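Analysis of the macromolecular model
What follows is each chain in one-letter form.
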Amino acid sequence: MQVAMDSVELECIRVASARRPFDVLLTAAFSAKESFYKGVFSAVGRFFGFEAIRLRAIDEERQRMSFTIMQSLAAPFSVGDSFEIDFVVPVPGVVLTYFVW
């Protein structure tokens, strides 16, 4: 069974949850992975799981999450490359993420 977040990512979210509820950050991280998937799917040309990228850090002040590519996908997305995805919580219960490459 595939899971959306591993223990390293959950710990990252837990640490960042001092300023915002854990469930909101978990939703933002899941949404960010979805944004990445939808943004790069046409370039990658195949299905891949959420484990292909790993959450490294959350900058709550800048509303930005840092990720690392963990699996070979397709050029220009190489293992070890890092990128950021922004998020915003405009109203309680709503999380928006956006990824641009």
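Everything quoted here is computed from the prediction, not taken from an experiment. (Residues numbered from 1 in each chain as written. Predicted model: local features only at pLDDT ≥ 70, side-chain atom pairs only at ≥ 80, totals over all residues. Heavy atoms only, no water.)

1. Describing the pairing of strand β1 (residues 53-59)
- Relative to strand β2 (residues 64-69), β1 runs antiparallel, the two sharing six bridges. For isoleucine 53, the partnering residue across the bridge sits in β2 and is isoleucine 69.
- Between β1 and β2, which follow one another and run antiparallel, lie four residues, and glutamine 63 among them has a positive phi close to 55°. (Pairing = 2+ DSSP bridges. Helix = DSSP H or I, 4+ residues; strand = E, 2+ residues; numbered from the N terminus.)

2. A word on the packing of aromatic side chains
- Following the criterion strictly, the structure yields 11 aromatic pairs and no others.
- Look at tyrosine 37 and phenylalanine 41: their rings are 5.6 Å apart centre to centre, the planes differ by 35°, and that puts the pair in the tilted class. With tyrosine 37 and phenylalanine 41 both in helix α2 (residues 22-44), this residue pair falls four residues apart, about one helical turn.
- Classification of tyrosine 37 by relative accessible area gives buried; the value is 17%. (Phe/Tyr/Trp six-rings, centres within 6.5 Å; stacked < 30°, edge-to-face > 60°. Buried < 20%, exposed > 50% of the residue type's maximum accessible area, 1.4 Å probe, protein only.)

3. Details of the sheet that holds strand β4 (residues 96-98)
- Pairing is antiparallel across the open sheet formed by four strands, whose spatial order is β1-β2-β3-β4. Pairing within the sheet leaves two strands with one partner each, and these edge strands are β1 and β4. When strand polarity is set aside, the average angle formed by the axes of neighbouring strands in this sheet is 30°.
- Strands β1, β2, β3 (82-88) and β4 of the sheet are contacted by α2, whose axis makes an angle of about 50° with β2. (Axes fitted to C-alpha atoms, helices over the stretch in contact; angles between N-to-C directions. Contact = heavy atoms within 4.5 Å.)

4. Description of the pattern of salt bridges
- Applying the stated rule across the entire model yields eight salt bridges.
- When the shortest N-O distance is used, the salt bridge between aspartate 6 and arginine 54 registers 2.6 Å. Linking aspartate 6 in the segment before α1 (7-16) with arginine 54 in strand β1, this pair joins segments that are 48 residues apart in sequence.
- A salt bridge links arginine 64 to glutamate 84, with the shortest nitrogen-to-oxygen separation between them at 3.5 Å. Residue arginine 64 is found in strand β2, and its partner glutamate 84 is found in strand β3; the two are separated by 20 residues along the sequence. (Salt bridge = Lys/Arg side-chain N within 4 Å of Asp/Glu carboxyl O.)

5. Describing the nonpolar core
- Judged by nonpolar contacts, the single largest core of 28 residues is most densely connected at Phe36, Ile58 and Met65.
- At the level of elements, α1, α2, β1, β2 and β3 are the ones that each hand at least two residues to this core.
- At eight residues, α2 tops the list of elements feeding residues into this core.
- Residues in contact with isoleucine 58, not counting those within four places in the same chain, are Cys12, Ile13, Ala16, Leu25, Arg64, Met65 and Phe87. (Core = buried A, V, L, I, M, F, W, Y, C linked by side-chain atoms within 4.5 Å.)

6. Focus on the side chain of lysine 33
- For lysine 33, the position within the fold is in helix α2.
- A distance of 3.1 Å separates a polar atom in the side chain of lysine 33 from the backbone oxygen of isoleucine 53.
- Excluding anything up to four places from it in sequence, lysine 33 contacts Ala4, Met5, Glu9, Phe50, Ile53 and Phe67. (Polar contact = N/O pair within 3.5 Å; in protein donor to acceptor, adjacent residues only side chain to side chain.)

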